[in-house]
Amino acid sequence: MRRIFGAAACAAVIAFAPLAAQPAKAPTGKPPIDWTVLHAQVILDSLGFSPGIVDGREGQSLTAALEAFQSTRGLETTGELDRATLGALYPYRARRPATRVTLDPAMLAGPFVSPIPKDPEDQARLPALGYTRPLEKLAEMFHTTPEILVELNPGGGGTAPGATFLFPDVRPASRDYSSELKPEWRQTLTDLNVDARQPAGDHIVVDKSEKVLKVFDAGDRLVAQFSATMGSQHDPLPIGTWKINAVDTNPKFHYNPDLFWDAEKDDEKAMLPPGPNGPVGVVWLDLSKEHYGIHGTPEPQTIGRTQSHGCIRLTNWDAARLALMVRPGAEAVFQE
């Protein structure tokens, strides 16, 4: 990604020297966290143009998010943090790249399951497919990974109530979730820092070449975009126009080995419990194409980088946001 420096660019960059004064130590072989990139990711995430994992590093998900943001601002779609884009992000500078948060018991509440068994029959015996540890839950809560939290908090202080952590500042502006939502779903939205105020989506487009899911309003304006994993050689993305039939929150998962080309020979059908580490994460948007849906994932770091069994996978927090944007009956166009 081309970087623009100089007086004009510097005027548009948000200052965050106090946070950068103690730079995070990067793992061997990785560049250090870039605070300009981190700040841009946080702002884009808050605007609905998801960069996927918020990690302070450049990559294809950030490029796609920048292109979407640029297209809605009438800018050249370079996919880069160029001078014009920095200027367009500048009005949102009040949202800081990171924030210090004191952990409370609710943030650290389980259930936790470690290790999660690999056999579906063993998973079916669990009460839930929850997070494996508090750090994993905190990472999803702040739209990142445990590894990034360790980088941001070198030395650490343990994940206990009262401990203070530095997190990407993806906290929502509103948690005023509709009373019509199930209490457990409202808790999931809280745990994932999903803003209660989401744009109304009229239809979506899943673009295979761009590896994104786009949400459009009734005026055909792009209002949100999420990095996505879709299809594979064995289970290609079903190109065509479909409908969203239903939205199932915190879903159980009916594991049918007949539908998985890589299933073990002795696997049997099983009903897996709900949870963020289940095969479809925290939500399933059922499609009119049989056996296909849009859903979350237990491995957010793989979105846009690996293949799926034909369905469309998003991070759990992006899938949850999408579930608030669209309603059953919405059109879903899958294109090359």
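Before any of the text, the structure's been laid out above.
This section reports on the structure supplied with the text. A quick note: this is a predicted structure, and the numbers were derived from the prediction, not measured.

How each quantity is defined
Residues numbered from 1 in each chain as written. Predicted model: local features only at pLDDT ≥ 70, side-chain atom pairs only at ≥ 80, totals over all residues. Heavy atoms only, no water. Helix = DSSP H or I, 4+ residues; strand = E, 2+ residues; numbered from the N terminus. Buried < 20%, exposed > 50% of the residue type's maximum accessible area, 1.4 Å probe, protein only. Contact = heavy atoms within 4.5 Å. Areas by Shrake-Rupley, 256 points an atom, 1.4 Å probe, with all protein chains shown as cover. Core = buried A, V, L, I, M, F, W, Y, C linked by side-chain atoms within 4.5 Å. Pairing = 2+ DSSP bridges. Expected span 1.5 Å × (residues − 1). Phe/Tyr/Trp six-rings, centres within 6.5 Å; stacked < 30°, edge-to-face > 60°.

1. Quick word on the overall build of the protein
Consideration 1: On a plain count of helices and strands, the protein comes out with ten helices and 13 strands.
Consideration 2: Here the protein holds 336 residues, and 53% of them are scored as buried.
Consideration 3: In the protein, the share of contacts with a sequence separation of at least 24, taken over all contacts with a separation of at least 6, comes to 61%.
Consideration 4: For the protein, the computed accessible surface area is about 15400 Å², with 51% contributed by carbon and sulfur atoms.

2. Re the nonpolar core
Consideration 1: By size, the foremost hydrophobic cluster in this structure holds 46 residues, and its most contacted members are Ile204, Leu213, Val215, Ile294, Ile312, Leu314 and Leu322.
Consideration 2: If one sorts the elements of this core by residue count, helix 10 (residues 316–325) sits on top with seven residues.
Consideration 3: With residues near it in sequence (within four places) discarded, Ile312 still touches Val206, Leu213, Ala228, Thr229, Met230, Leu237, Gly293, Ile294, His295 and Phe334.
Consideration 4: The next biggest cluster of nonpolar side chains, apart from the first, holds 23 residues, and it includes Ile33, Leu138, Ile148 and Phe167.

3. As for the sheet that holds strand 3 (residues 203–207)
Consideration 1: Strand order in the open sheet made by the nine strands is 5-4-3-13-7-10-11-12-6, with mixed pairing throughout. If you trace the sheet from one side to the other, it starts and ends with strand 5 (222–227) and strand 6 (229–230), each paired once.
Consideration 2: Bridge analysis of strand 6 against strand 12 (residues 312–313) gives two bridges, and the strand direction is antiparallel. Across the sheet, the residue bridging to Thr229 is Arg313, located in strand 12.

4. What to know about helix 4 (residues 60–72)
Consideration 1: The end-to-end C-alpha distance of helix 4 is 19 Å, a good match for the 18 Å that 13 residues give at a rise of 1.5 Å each.
Consideration 2: Those residues of helix 4 that sit buried are Ser61, Leu62, Ala64, Ala65, Leu66, Ala68, Phe69 and Gln70.
Consideration 3: Buried residues along helix 4 sit in contact with helix 3 (35–47), helix 5 (83–89), strand 4 (212–216) and strand 5.

5. Comments concerning the packing of aromatic side chains
The relative placement of two aromatic rings is captured by the distance of their centres and the angle of their planes.
Consideration 1: All told, the structure shown has three aromatic pairs when counted by the stated rule.
Consideration 2: Both rings, one in Phe142 and one in Phe167, keep their centres 3.9 Å apart while their planes meet at 10 degrees; by these two values the pair is stacked. With Phe142 in the loop between helix 7 (134–141) and helix 8 (146–152) and Phe167 in strand 2 (residues 164–168), the pair connects residues that are 25 residues apart, well separated along the chain.
Consideration 3: Overall, Phe167 belongs to the buried group, its relative accessible area being 0%.
Consideration 4: Between Phe165 and Phe167 the ring centres are 5.6 Å apart and the planes differ by 20 degrees, which places this aromatic pair in the stacked class. Per residue, the accessibility class of Phe165 equals that of Phe167, and both read buried.
Consideration 5: The rings of Phe142, Phe165 and Phe167 are connected pair by pair, giving a single aromatic cluster.

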